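Summary of the model geometry
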Amino acid sequence: MQEVGHFIGGKHVASTSGRNQNIMQPMDGSVRGTVALGSKKELRDAVENAKAAQPAWAATNPQRRVRVLMKFLELVHKEYDSLAELLAREHGKTIADAKGDIQRGLEVVEVCIGAPHMLKGEYTDGAGPGIDIYSMRQPLGVVAGITPFNFPAMIPLWKIGPAIASGNAFILKPSERDPGVPMRIAELFLEAGLPAGILNVVNGDKEVVDAILDDPDIKAIGFVGSTPIAQYIYSRAAATGKRAQCFGGAKNHMIIMPDADMDQTVDALIGAGYGSAGERCMAVSVAVPVGQETADRLVEKLIPRVESLKVGPSTDSSADFGPLVTQQALERVKGYVDLGVKEGAKLVVDGRGFKMQGYENGYYMGGCLFDEVTPDMRIYKEEIFGPVLSVVRAKTYEDALKLPNEHEYGNGVAIFTRDGDAARDFASRVQVGMVGVNVPIPVPIAYYTFGGWKGSAFGDLNQHGPDAFRFYTKTKSVTARWPSGIKDGAEFVIPTMN
Ligand code: NAD
């Protein structure tokens, strides 16, 4: 049984809060250990540590800073398999999927090796008589990240990479459900040469989050999780004068035009709807076939595919997806399926009764498929975050477009078609932050930025790519005139750039 405390000042620190919670293994419902639920004082210790270490790190030239990132990548590659297994055992996703979780995080760290270029300022020679103006990007100081359970490697790395490459010290508050990989990431950064105190991990729940929100020395917060918490963090961070980018929940639609290749569409939907048991913020949870005939063909092909999905323990390399993260998550998702039936949707594949032989205490359910879902139903409006796909039938393209446009969330969306004109129109008019054209999960590559619209994100800068460097730095502009200007005597009016 492991006891996970905190990682502060380059060391494992046992918690003194007196509160902790079990770390579960979703594939069999066993207890792996406990994780500390930290206190305000413990958060403050981490901040003091970070504050003391940050100035020297900021003064280290950016090329030297990113050499630590290069070494970190090398170290992760050496233990990719064991890290993926740890991730899968704590989260429940399959090991192959856990490798993807790590990989998409590393890609952002790779891009951060170009931080010296991203951090360059601007310069105008001769902006006025004898006047030059230049700008520089400086780190914010101590910054924090609060991350969700569903990508315990990727999302912490999306934040740690650009934050520390920019010269900040970073405090991570990972999900209390799967803290093992974030803790290992902190150890590996230390081993890679990151000075102690530049990356601290404080485990916990609302108590630590609130302490982060109120701490006067934390200058920025990057949050990823559900929308109600994203909204809470955004508003409270703003009230205490912090920079905040808060990414929330999703309901991602896939529009299927009558000309789409139906076999490719079904393959794409199955992977995007049920991979990782639907516990991805970019999972497709609503399929929108356009026209009766398209809908009938789609549902007919989908049913046998959903029925034959292979659910298995995280360590089974032939499983399509594993268990849900917790017993509560399993009950919540099954509750939504019950609700959909009550609301009048047609449950054409029912995975509620699935039991995994030999793993009876694991949090498993089979894939579920609803047909004839309508926009007034709660199963359409709310994020289910499980292996449940809803088919909403649209009469026309315009009706289909209206659905994501009027939905509260706006994270990801896709259109499947062979028609370039429809695809162009869709990409231009849809009110969603990340759009796929014949790509079901359009997560932008690391040198672009990631972020939804509407209820899926609060704040104005996205994650990773150039936005991340803007988020983790402040711009200073310097207007300089050298002594030759002084000889002309004092000026009594505001100088203009004539
Ligand atoms: P969550 O909101 O329950 O938790 C996220 C973080 O907030 C955790 O670190 C948790 O400890 C903390 N937290 C939880 N309740 C809190 C409270 N009352 N006060 C303060 N802090 C609190 O989310 P989750 O269940 O871990 O993750 C799943 C959610 O994250 C889904 O809604 C999913 O769509 C979303 N998500 C969004 C993105 C994105 O980029 N938009 C990416 C991944 C996940």
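Residues numbered from 1 in each chain as written. Predicted model: local features only at pLDDT ≥ 70, side-chain atom pairs only at ≥ 80, totals over all residues.

1. Description of the sheet that holds strand 19 (residues 412-416)
Strand order in this open sheet of seven strands is 15-16-17-14-13-19-20, and the pairing throughout is mixed. In this open sheet, the two edge strands, each paired with only one partner strand, are strand 15 (346-349) and strand 20 (434-437). Strand-to-strand twist of the sheet, defined as the mean angle between neighbouring strand axes without regard to direction, takes the value 20 degrees. In this structure, strand 14 (residues 284-289) lies alongside strand 17 (residues 388-391), joined through two bridges in parallel fashion. (Pairing = 2+ DSSP bridges. Helix = DSSP H or I, 4+ residues; strand = E, 2+ residues; numbered from the N terminus. Axes fitted to C-alpha atoms, helices over the stretch in contact; angles between N-to-C directions.)

2. Some points on the packing of helix 3 (residues 80-91) against helix 4 (residues 95-112)
Close contact between helix 3 and helix 4 brings their axes to 8 Å; oriented N to C, the two are set at 110 degrees. With respect to helix 4, the axis of helix 3 lies roughly perpendicular. Each of Tyr80, Leu83, Ala84, Glu85, Leu87 and Ala88 in helix 3 lies in contact with helix 4, whose residues at this interface are Ile95, Ala98, Lys99, Asp101 and Ile102. Partitioning the contact of helix 3 with helix 4 into residue classes produces eight nonpolar, no polar and three charged. (Parallel < 35°, antiparallel > 145°, perpendicular 65-115°, else oblique. Contact = placed C-beta atoms within 7 Å. Nonpolar A, V, L, I, M, F, W, Y, C, P; charged D, E, K, R; others polar.)

3. Describing the nonpolar core
Membership of the largest hydrophobic core comes to 86 residues, with the highest contact counts inside it found for Phe170, Ile212, Ile221 and Ile233. In terms of residue count, the dominant contributor to this core is helix 6 (residues 154-165) (eight residues). Core analysis: the next-biggest nonpolar cluster, separate from the first, contains 64 residues, Ala295, Phe321, Leu401 and Val430 among them. (Core = buried A, V, L, I, M, F, W, Y, C linked by C-beta atoms within 7 Å. Buried ≥ 20, exposed ≤ 12 C-beta atoms within 10 Å, placed from the backbone.)

4. Thoughts on the site of the ligand
The environment of the ligand is made up of 26 residues, and the closest members are Pro148, Gly225, Ser226, Gly249 and Cys281. For the shell around the ligand, the class distribution of residues is eleven nonpolar, ten polar and five charged. Split by domain, the shell around the ligand shows at least three residues from each of two domains, domain 1 (2-248 + 456-478) and domain 2 (252-437). (Near = placed C-beta within 6 Å. Domains from an automatic or database assignment.)

5. Digging into the domain arrangement of the chain
The parts lose accessible area when they come together, and the size of an interface is often stated as this lost area. Per the domain assignment, the segments of the chain are domain 1 (2-248 + 456-478) and domain 2 (252-437). Using only C-alpha atoms to locate each centre, domain 1 and domain 2 end up separated by 31 Å. At the interface, 19 residues of domain 1 touch 25 residues of domain 2. Of all elements in the fold, only helix 3 and helix 4 reach the threshold of two or more residues within the side of domain 1 that touches domain 2. Taken together, the residues that form the side of domain 1 that touches domain 2 break down as eight nonpolar, six polar and five charged.

6. Digging into the pairing of strand 13 (residues 252-256)
Within strand 13, five of the five residues are buried, leaving the element largely enclosed by the surrounding structure. Here strand 13 shows no split at all, with Asn252, Met254 and Ile256 on one side and His253 and Ile255 on the other all buried. Bridge count for strand 13 against strand 14 is five bridges, and the pairing is parallel. Considered in strand 14, the bridge of Asn252 is made with Val284. After leaving strand 13, the chain enters helix 10 (residues 262-274) and then returns to the sheet as strand 14, a path that is right-handed. Pairing of strand 13 with strand 19 involves four bridges; the strand directions are parallel. Note that in strand 19 the partner of Ile255 across the bridge is Ile415. (Right-handed = clockwise from strand over helix to strand, strands pointing away.)

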